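One-letter residues, chain by chain:
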Amino acid sequence: MKEIELEGLNEKIYVYTTKCGLKVYMWVNEKVTTTLMNLSVKYGSIHNKFKVGKKAYEVPNGIAHFLEHIKFNIDANTVAHDEFYKLGADSNAFTTFEYTSYLFYANNHLNECLNLLLDYVYTPYFTKKMITKEKGIIIEEANMSLDDPYNVMFFDNLKAVLQKSNFRNIITGEVEDIKEIYLDDIKLVYDTFYHPKNMFLSITGNFNPYEMIKVIEDNLAKKTFKKFVEPVIITEQEPKKVNSEYKEEFLNISYPQLKYSIKIPLNKFKDIDIVDLKMIINLILNINFGSTSDFKEELIDKELITNLSYYVDKYDEYIVITINVYTNYVEEVIKRIKDKIDNLVINENDIMRKRNAEIATLILNYEDIEQVNMMIQKDIINCGKIITDMKQRVNNLTKDNLAKVVKYINNDNVSVSVFLAKENQES
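What you see is a predicted model, and the numbers here were worked out from it, not measured in a lab. (Residues numbered from 1 in each chain as written. Predicted model: local features only at pLDDT ≥ 70, side-chain atom pairs only at ≥ 80, totals over all residues. Heavy atoms only, no water.)

## Some thoughts on the sheet that holds strand β12 (residues 232-233)
Each strand in a sheet pairs with its neighbour through backbone hydrogen bonds, running either in the same direction (parallel) or in the opposite one (antiparallel). Which entries qualify depends on this criterion: We treat two strands as partners when DSSP finds at least two bridges between them. Segments assigned H or I by DSSP are reported as helices when at least four residues long, segments assigned E as strands when at least two residues long, and all are numbered from the N terminus. Here, two residues are considered to be in contact whenever any of their heavy atoms come within 4.5 Å of each other. Every axis corresponds to a line fitted to the C-alpha atoms, with the helix fit spanning only the stretch in contact, and the corresponding angles, defined between N-to-C directions, vary from 0 to 180 degrees.
The sheet built from 3 strands is open, its strands ordered β6-β5-β12 with antiparallel pairing. Strands with a single pairing partner mark the edges of an open sheet, and in this sheet they are β6 (55-58) and β12. Of the strand pairs in this sheet, strand β5 (residues 49-52) and β12 are connected by 2 bridges, and their pairing is antiparallel. Each residue of the ladder has a partner; that of Phe-50, found in β12, is Ile-233. Its contacts with the sheet place helix α7 (residues 183-193) against β5, β6 and β12, and it is angled at close to 60° to β5.

## A closer look at empty space enclosed by the protein
Note the cut-off: A cavity here means a set of 1 Å grid points, computed over protein atoms only, where a 1.4 Å probe fits but cannot escape. A pocket is an open set with protein on both sides within 12 Å along at least 5 of 7 lines, and lining residues have an atom within 4 Å of a point. Grid points are joined across faces, edges and corners, and a volume is the space filled by probe spheres set on the points. Each residue is assigned to one class: nonpolar for Ala, Val, Leu, Ile, Met, Phe, Trp, Tyr, Cys and Pro, charged for Asp, Glu, Lys and Arg, and polar for all the others, Gly among them. Each domain's extent is set by a domain assignment, obtained either automatically or from a database.
Counted according to the given criterion, the structure contains 1 cavity of 30 Å³ or more. For the largest cavity, the calculated volume is near 30 Å³. Together, Phe-154, Asn-157, Leu-158, Tyr-311, Asp-313, Tyr-315, Val-320 and Thr-322 line the largest cavity. Counting residues per element, the ones that place at least two in the lining of the largest cavity are α5 (149-161), β15 (307-315) and β16 (318-326). The residue inventory of the lining of the largest cavity, partitioned by class, reads 5 nonpolar, 2 polar and 1 charged. When residues of the lining of the largest cavity are sorted by domain, at least three fall in each of domain 1 (2-233) and domain 2 (246-426).

## Notes on the pattern of salt bridges
The condition is simple: Salt bridge, as used here: a side-chain nitrogen of Lys or Arg that lies within 4 Å of a carboxyl oxygen of Asp or Glu. Buried residues are those whose accessible area, probed at 1.4 Å on protein chains only, stays under 20% of the maximum for their type, while exposed residues exceed 50% and partly exposed ones sit between those limits.
If you walk through the whole model with that rule in mind, you get 15 salt bridges. Measuring nitrogen to oxygen at the nearest pair gives 2.9 Å for the salt bridge that ties Arg-393 to Asp-389. A relative accessible area of 13% places Arg-393 in the buried class. Put simply, Asp-273, Asp-276, Asp-389 and Arg-393 are held in one network by salt bridges that share partners.

## Comments concerning the environment of Phe-225
Mapped onto the secondary structure, Phe-225 falls in the loop between α8 (209-221) and β12. In the structure, Phe-225 is positioned 152 residues away from Asn-73 in sequence and 20 Å away in space, judged by C-alpha atoms.

## Things to note about the sheet that holds strand β3 (residues 23-28)
Taking strand neighbours across the sheet as the criterion, the 7 strands line up as β1-β2-β3-β11-β4-β10-β9 in an open arrangement whose pairing is mixed. Because the sheet does not close on itself, it has two edges, and the strands there are β1 (2-6) and β9 (90-95). Each strand axis lies, on average, 20° off the axis of its neighbour in the sheet, ignoring direction. Taken strand by strand, helix α1 (residues 63-70) contacts β9 and β10 (100-106), and its axis lies near 165° from that of β9. Along the sheet, helix α13 (residues 369-383) contacts β2 (11-17), β3, β4 (35-41), β9, β10 and β11 (199-205); its crossing angle with β11, the most-contacted strand, is approximately 155°.

## A word on the nonpolar core
Put simply, the rule is: Think of a nonpolar core as a cluster: buried Ala, Val, Leu, Ile, Met, Phe, Trp, Tyr and Cys residues, connected wherever their side-chain atoms sit within 4.5 Å.
Residues Leu-117, Leu-201 and Ile-216 are the most contacted members of the largest nonpolar core, which totals 58 residues. The greatest single-element share of this core, amounting to 9 residues, is contributed by helix α3 (residues 110-122). Ignoring any residue separated from it by four or fewer positions in sequence, one finds Ile-216 in contact with Thr-18, Leu-22, Val-24, Leu-114, Leu-118, Leu-201 and Ile-203. The next biggest cluster of nonpolar side chains, apart from the first, holds 44 residues, and it includes Phe-269, Ile-280, Val-330 and Val-416.

## Digging into the packing of α3 against α8
Note the following rule: Handedness of a crossing is defined here by the sense of rotation of the near helix relative to the far one, left-handed for an anticlockwise turn of less than a right angle and right-handed for a clockwise turn.
Packing of α3 against α8 leaves a shortest axis separation of 10 Å and a crossing angle of 35°. Both α3 and α8 take part in a crossing whose hand is right-handed. Counted together, Leu-110, Asn-111, Leu-114, Asn-115, Leu-118, Asp-119 and Tyr-122 of α3 and Glu-211, Met-212, Val-215, Ile-216, Asn-219 and Leu-220 of α8 form the full contact between these two elements. Classifying every residue of the contact of α3 with α8 gives 8 nonpolar, 3 polar and 2 charged.

## Points about the domain arrangement of the protein
For clarity, the cut-off: Accessible area, probed at 1.4 Å, shrinks when two parts are joined; the buried area is that loss added up over both. Pairing of N or O atoms within 3.5 Å defines a polar contact, subject to two protein rules: one partner must be a possible hydrogen donor and the other a possible acceptor, and residues neighboring in sequence count only if both atoms are side-chain atoms.
Along its sequence, the protein is carved into domain 1 (2-233) and domain 2 (246-426). Measuring from the centre of the C-alpha atoms in domain 1 to the corresponding centre in domain 2 gives 29 Å. Contacts between the two partners involve 42 residues from domain 1 and, on the opposite side, 39 residues from domain 2. Taken over both partners, the interface formed by domain 1 and domain 2 buries close to 3400 Å², and the fraction arising from carbon and sulfur atoms is 68%. The interface formed by domain 1 and domain 2 includes 0 salt bridges. Our enumeration of links across domain 1 and domain 2 arrives at 13 residue pairs in polar contact (both at pLDDT 80 or more). Those elements giving two or more residues to the side of domain 1 that touches domain 2 turn out to be β1, β2, β3, β4, β10, α5 and β11. The dominant element in the side of domain 1 that touches domain 2, judged by the number of residues it contributes, is α5, at 10 residues.

## Points about unusual backbone geometry
Comment: phi is negative for the bulk of residues other than glycine, and the bulk of peptide bonds are trans. The backbone phi angle of Asn-10 is positive, close to 55°, even though this residue is not glycine. A relative accessible area of 75% means that Asn-10 is categorised as exposed. One non-glycine residue, Asp-316, lies in positive phi territory at about 55°. On the secondary structure map, Asp-316 appears in the loop between β15 and β16. Judged by its relative accessible area of 21%, Asp-316 is partly exposed.

## Observations regarding the pairing of β10
Judged by how many residues are buried, β10 sits mostly within the fold: 6 of 7 residues are covered. Relative to β10, β4 runs antiparallel, the two sharing 7 bridges. Bridge assignment links Leu-39 to a residue of β10, and that residue is Tyr-102. Of the pairings in the sheet, the one linking β9 to β10 comprises 6 bridges and is antiparallel in character. Of the residues in β10, the one forming a bridge with Asn-92 is Leu-103. In this structure, the hairpin formed by β9 and β10 is closed by a connection of 4 residues.

So this is what it looks like as structure tokens:
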């Protein structure tokens, strides 16, 4: 077992690789009573086309989420949720664009809960009857997401920004996608991706890491895994231009919103890794659009907006910056955002202040087992390893670093999505 020191944080992550290839990442906090264990598979909603060896496959959108649902069935009469409940643990699962996770929180019976997690995830039980029954449940969930205006706005904005990327598709899949999921599809995905070598376990909380490893090795030694053939994900090349420069949509919302998105090719930043790039862009946006920025305060003081936020995401080979605004004055606010993008500021005092705040947040995160577990997950999915020098990376943010990036944040490739209250739509 390796002990990885997190520089400048007085924290360490234990890392262990089991005999069958499962990577285990552990962070111990003896001040808490709860432990969180999260078994993740590197298979998410965007992975619907892939090759195994020389053979290519395509499965319906939404299958990662569908598999997450039915994986809780241990047999015809037993559901994993109920078994965790008997042990006093709280279990759950979630699916993202890029991975799926099965988790539990527990204060006691850690060994039993860990064995249960490994047993139900690594023991396939799928039937046609189960899949038919689950389709109705997941179709209802998909329909509910269509009634959620915030979910609709998020994905409709992605459809406006991206032309071909699978990130355009909702994680549950559309209703027609769900109807096309069959037993053979489920078995194919499970057999291809649910192998220890394509998975990792993150454990955070109050536990003995050496005891956990013994439980894991003893459990996995009783299981048989086929030889892992690493699948190759098939993607379509995403065009540089946004899909739609401007669109309006009427939804069941009480207050209009606009999303101003900038699509930037990653190849503009060849000498900057993705971790540093996201930090730099977030710092630039914080200075110019953050809660204490002059720009946001001015728009609120003039009652042009009620709120403004931003987020930065990587989609395939692009960085997408989105500024999200609640406003009744769409045209005026768009004009002001454009002008602000053309006149972004970066100064030493703001950089130092925001940098210190970021370090304080990073340190505080290590009081929260959920935050640390999520940071581990993000590091493994995005970088394939634990980032050990995050504090130093924040300290290294300078005006020169920001200047190399800020010149590429411009109005050359923008998509604006405006969402208006349906009650104001002309009949």
